[in-house]
Amino acid sequence: MATMIQAESVSTTQLKEIGTIAVQEIPSSDKPALLLLHGEAEDDIVGIFADVLGQPWETTTSLEDVKSGPRGTIYGMRSSLAVSQAGSWDRSRILINTHCVDGPHPRDDSITESCDYEYLYTVSTFFRRDVARFLSLILGQISPHRDLTKKARTTLISTTFPDVHAALPNLDILSVGADAIEIRVDLLEEPLPDGGVSRVPSLKYVGEQLMLLRQRTELPIIYTTRCTKENGRFPMDDPNLFFKYLTRAIQWGCEYVDVELWLPDDIRRKLAERKGCSKIISAFHDFSGNFKWLAPETQTLFERGAVYGDIVKMYVLVNSMQENMELEYFRTTIQTKYPHPPFSGLNMGPTGQLTRTLNKIFTPITHPLLPMIAAPGQLSAAQINSALHSMGQMPKLDIYGIGSFRSTSQAMFFEKCFNELSLPHQFTFAERAPKASIEYILRRPKFGGAYISPPLVAASAPYLPALSNAARAIGQVDTVLVRQENGQQVFIGDNATWKGIRATLSRDFVPSAYSRRAALLLANSEADASASIFALKSLGIGPVYTIGFKAKGSLSAEVEPVRSVEDMKRLEQPFVIISALPAEKSLLVVPLLKHYRVNGKNGVSNGGHGMKVSGKVFVDLASGPRKVDPLGIATSAGWTAYGSADVSAWTTVEMIRLLVGQNTPYDFVQLASGVGRGLF
Ligand SMILES: O=C1C[C@@](O)(C(=O)O)C[C@@H](O)[C@@H]1O
């Protein structure tokens with residue numbers, strides 16, 4: 001069975017001898033079993049889902065075929081046919097209703113109700129990465145919540161648009177520094193034929209608004225139906241209205257669903273039972289001005305929220321500084337008593353702004369480009385950072401970019417990002433000088449971290465004794481972090497490049513698409529390929545065949561060199577090809593791309609037995625001028641192709657997260673580079 005790398009942990013006690021790397025068995029049932037319902041003549045979506053999943057697919061007219069067919073095959077069926085046979089459906093597969101919003105068929109909510117999930121899409125502009133994100137979440141193959149709970153501080157941007165269309169042009173800027181984005185469903189204003197707006201937007205309207213937002217952002221979405229008593233517009237006379245709208249949010253694959261604490265227990269329980277991979281934020285707001293943080297009932301409120309909440313949020317309107325002190329006392333005592341679930345607590349109103357800077361879990365932020373603030377006293381990310389700095393909570397650090405001339409545009413991006421977020425840090429770019437220069441920079445008094453491009457060979461840097469698991473296994477450090485351990489400052493050598501490669505690979509494919517499939521890797525040396533091997537192994541890839549080098553290090557298990565045409569003939573068909581060759585050798589990959597070309601439309605080829613098999617992925621890590629265009633050739637041969645600009649942008653996102661704890665959307669990195677698709 002394939003092995004998967006556990007790459008997250010940073011070990012500061014293990015020194016950098018080539019030790020064993022932590023591995024974890026991939027669950028055997030990692031190929032999901034799905035049945036997709038689709039509209040008449042809209043079965044293309046089944047092929048796309050299957051392609052994203054890396055699984056074969058079939059369309060059928062009978063549920064009996066679906067039950068007896070291979071589990072790994074994705075089945076598609078016209079929704080009208082499924083409805084007539086629904087009585088005999090045994091729920092042995094995850095049932096997803098797909099609906100084409102700009103297609104000819106009206107959406108039938110009764111079909112949605114009988115399905116586990118619903119996927120809404122447009123064909124006029126299609127977003128394959130949205131399919132990958134939706135499937136990865138509902139299948140539990142990614143966990144944004146788990147990732148966010150590891151961050152020291154998290155924020156959410158609360159959008160207050162009556163129509164999401166208005167947000168789209170500025171979305172990348174709005175979301176710089178945000179870890180999640182909130183859609184205030186209660187603030188959406190659905191236009192009515194009579195020129196007015198509906199009191200409660202219809203599910204159809206809400207679904208389409210959510211779809212639009214999700215197509216344009218990679219941030220986890222928080223879906224909120226705020227009630228009238230808590231500064232929202234959702235009427236409170238019928239709690240079932242909340243149940244209906246929040247259930248749909250789960251079916252649409254929202255990462256977070258905001259569930260107000262006043263809702264009856266059975267509604268909150270049923271939502272928790274159905275939440276699947278979505279997370280619940282238990283929400284409580286008090287605008288009375290009489291709330292007491294230190295009253296015994298306040299702890300009870302937290303405990304009630306914690307029953308079904310993955311996060312408990314308690315926000316109250318205050319008038320005095322004293323109440324800020326009381327909240328901070330409550331925060332410390334409650335999280336000492338109950339470290340889980342995380343507590344997001346703050347005081348609203350101008351007096352409470354201090355607590356908006358001290359809260360560390362999902363602090364709501366606003367942005368000058370939003371039409372209005374969502375609640376009294378809300379601050380922007382930049383305002384919070386400035387306040388934290390002035391209170392001594394965010395000391396100024398010197399962050400370095402150490403590298404060659406080629407990477408100076410990355411340096412400019414760091415500067416832009418610091419400015420946009422009002423971070424107090426100083427960014428300095430240092431040209432890589434011989435030998436001791438990196439060690440010298442590390443010893444500067446305010447050294448706060450660095451990225452190093454091209455990366456440093458870990459074994460050549462005795463001044464970096466602590467390495468992350470990834471840096472140790474890959475043998476290369478591209479990011480140096482400064483952490484406090486037992487009151488001591490420690491430098492940690494980390495590697496962000498493998499995460500950039502992994503993020504690129506999983507942009508249009510779910511992680512399980514890679515599991516147990518073969519990969520082909522071309523490079524001049526093992527060092528050039530090791531971040532790719534690590535990324536592939538983290539996705540549970542099967543055998544990795546190499547051309548140009550033989551792997552000998554800690555990542556060499558299941559990595560085999562291809563030395564001859566005979567070897568080539570017995571190779572398993574590769575699902576992914578990565579070229580880590582320099583630009584001038586790029587053309588060497590071309591015959592392979594053509595040999596393993598993907599036949600048919602959209603990279604979907606017929607695999608025999610009436611089954612259609614899925615497409616493949618090509619990544620070219622080379623940058624600089626070249627004689628041929630491997631990406632163009634790959635695309636026309638049916639491959640889904642990515643270049644070094646994609647990988648670099650994802651790597652930059654990861655570096656900024658590691659070095660200054662801020663989230664910058666991939667699209668913002670692309671945008672700020674100002675040069676077409678690429679930064680570097
Ligand atoms: O719950 C909250 C917090 C909030 O009310 C605030 O105080 O910032 C803003 C709302 O959009 C969000 O749902």
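Residues numbered from 1 in each chain as written. Predicted model: local features only at pLDDT ≥ 70, side-chain atom pairs only at ≥ 80, totals over all residues. Heavy atoms only, no water.

An unreviewed UniProt entry lists the protein chain under the name Aldolase, with Paraphaeosphaeria sporulosa as the source organism.

Novice: Would you explain the overall build of the protein chain in this entry?
Specialist: A count of helical and extended segments in the protein chain gives 24 helices and 31 strands. Dimensions of the protein chain along its principal axes, counting C-alpha atoms only, are 75 × 70 × 45 Å. Considering only intrachain contacts with a sequence separation of at least 6, the fraction spanning at least 24 residues in the protein chain is 69%. On the protein chain, roughly 27,300 Å² of surface is accessible, and the fraction owed to carbon and sulfur atoms is 55%. The averaged location of the 69 negative side-chain charges in the protein chain is 5 Å from the averaged location of its 69 positive side-chain charges. (Helix = DSSP H or I, 4+ residues; strand = E, 2+ residues; numbered from the N terminus. Contact = heavy atoms within 4.5 Å. Areas by Shrake-Rupley, 256 points an atom, 1.4 Å probe, with all protein chains shown as cover. Lys, Arg positive; Asp, Glu negative; His and termini not counted. Charge placed at Lys NZ, Arg CZ, Asp CG, Glu CD.)

Novice: Help me out: how do you make sense of the sheet that holds strand β26 (residues 559–561) in this one?
Specialist: For sheets, the rule is that strands pair by backbone hydrogen bonds, running either parallel or antiparallel. Across the sheet, which stays open at both edges, the six strands sit in the order β26-β25-β24-β27-β30-β31 with parallel pairing between neighbours. Bordering the open sheet on either side are β26 and β31 (640–642), each of which pairs with just one other strand. Along the sheet, successive strands turn relative to each other by an average axial angle of 20°, direction set aside. Note that strand β24 (residues 518–522) and strand β27 (residues 574–579) share five bridges and pair parallel. Of the residues in β27, the one forming a bridge with L521 is I578. On top of the sheet, helix α19 (residues 526–538) reaches β24, β26 and β27; it is set at about 170° to β24, its chief contact. (Pairing = 2+ DSSP bridges. Axes fitted to C-alpha atoms, helices over the stretch in contact; angles between N-to-C directions.)

Novice: I tried to follow the state of the cysteines on my own but got confused; where do I start?
Specialist: In a disulfide, the sulfur atoms of two cysteines are held together by a covalent bond. Taken as a whole and assessed by the stated rule, the structure comprises zero disulfides. Unpaired in terms of disulfides, C100 finds its nearest cysteine sulfur in C115, a separation of 16 Å. The exposure class assigned to C100 is buried, which follows from its relative accessible area of 3%. Free cysteine: C254, not disulfide-bonded; nearest cysteine sulfur from C277 at 13 Å. A relative accessible area of 1% places C254 in the buried class. (Disulfide = S-S within 2.5 Å. Buried < 20%, exposed > 50% of the residue type's maximum accessible area, 1.4 Å probe, protein only.)

Novice: Could you clarify how one ought to interpret the sheet that holds strand β14 (residues 311–317) in this entry?
Specialist: Reading across from one edge, β15-β14-β13-β12-β11-β10-β9-β16-β17 is the order of the nine strands in this open sheet, with parallel pairing throughout. Sheet topology places β15 (343–348) and β17 (379–380) at the edges, where each strand pairs with a single neighbour.

Novice: What exactly am I supposed to notice about the site of the ligand here?
Specialist: Contacts to the ligand come from 14 residues, most closely from E182, R226, H285, K313 and Q378. The side chain of H285 places a nitrogen or oxygen atom 2.7 Å from an oxygen atom of the ligand. In this structure, an oxygen atom belonging to the ligand sits 2.8 Å away from a side-chain N or O atom of Q378. For the ligand, the protein covers 99% of the area, taking 320 Å² as the surface of the free molecule. According to the grid-proximity analysis, the pocket containing the ligand is the largest cavity. (Near = heavy atom within 4 Å. Polar contact = N/O pair within 3.5 Å; in protein donor to acceptor, adjacent residues only side chain to side chain. 1 Å grid on protein atoms, 1.4 Å probe; cavity = no way out; pocket = protein on both sides within 12 Å on 5 of 7 lines; lining within 4 Å. Sits in = over half its atoms within 2 Å of the grid points.)

Novice: Explanation requested: the packing of aromatic side chains in the structure shown.
Specialist: Counted by the stated rule, this structure contains 30 aromatic pairs. Seen from their ring centres, F509 and F575 are 5.7 Å apart, and the 85° between their planes marks the pair as edge-to-face. Here F509, found in the loop between α18 (497–505) and β24, pairs with F575, found in strand β27; they are 66 residues apart in sequence, far enough to count as distant. In terms of burial, F509 and F575 fall into one category: buried. Among the aromatic side chains, those forming a connected cluster through ring pairs are F284, F291, W293, F302, F330, Y338 and F343. (Phe/Tyr/Trp six-rings, centres within 6.5 Å; stacked < 30°, edge-to-face > 60°.)

Novice: What exactly am I supposed to notice about the packing of α18 against α19 here?
Specialist: When two helices pack together, their arrangement is given by the angle between the helix axes and by the axis-to-axis distance. Axis separation between α18 and α19 bottoms out at 8 Å; the angle between their running directions is 50°. Considering their axes alone, α18 and α19 lie oblique with respect to each other. Seen along the crossing, α18 lies across α19 with a hand that is right-handed. Here T497, W498, I501, R502 and L505 of α18 come into contact with α19, specifically with A531, S532, F534, A535, L536 and S538. (Parallel < 35°, antiparallel > 145°, perpendicular 65-115°, else oblique. Left-handed = near helix turned anticlockwise from the far one by under 90°.)

Novice: Would you mind showing me how to read the pattern of salt bridges here?
Specialist: Between side chains of opposite charge, a pair can form as their charged atoms come close. As enumerated under the stated definition, the model contains 30 salt bridges in all. Where D398 meets K396, a salt bridge forms, and the shortest distance between an N and an O atom there is 3.6 Å. Note that E439 is salt-bridged to R443, the shortest N-O span being 2.9 Å. Each of R107, D109, E113, E118 and R248 takes part in salt bridges that share partners, so that together they form one network. (Salt bridge = Lys/Arg side-chain N within 4 Å of Asp/Glu carboxyl O.)

Novice: Looking at this structure, I do not really get unusual backbone geometry. What am I missing?
Specialist: Glycine aside, residues mostly have negative phi angles, and peptide bonds mostly take the trans form. Put simply, H340 and P341 share a cis peptide bond, and its omega is -5°. Residue placement: P341 occurs in the loop between α12 (321–337) and β15. Here the amide bond leading from S453 into P454 is cis, since omega sits at 0°, within 30 degrees of zero. Positive phi is not limited to glycine here, since S422 has a value of about 50°. Of note, S422 is situated in the loop between α15 (408–420) and β19 (426–431). One non-glycine residue, R516, lies in the positive phi region at around 65°. Topologically, R516 is positioned in the loop between α18 and β24.

Novice: What am I meant to see in empty space enclosed by the protein here?
Specialist: Empty space among the atoms becomes apparent when a probe as large as a water molecule is rolled across them. Throughout the structure, instances matching the rule amount to four cavities of 30 Å³ or more. For the largest cavity, the calculated volume is near 150 Å³. Lining the largest cavity we find 17 residues, and of these R184, R226, H285, A374 and A375 sit closest to its centre. Every element with two or more residues in the lining of the largest cavity is listed here: β9 (155–159), β10 (180–184) and β14. Along the lines of polarity and charge, the residues of the lining of the largest cavity split into seven nonpolar, four polar and six charged. Here the second largest cavity defines a volume of roughly 50 Å³. Lining the second largest cavity are T159, F161, V164, A167, I183, R184, L188 and L213. Residues that form the lining of the second largest cavity fall into these classes: six nonpolar, one polar and one charged. (Points joined across faces, edges and corners; volume = space filled by probe spheres on them. Nonpolar A, V, L, I, M, F, W, Y, C, P; charged D, E, K, R; others polar.)

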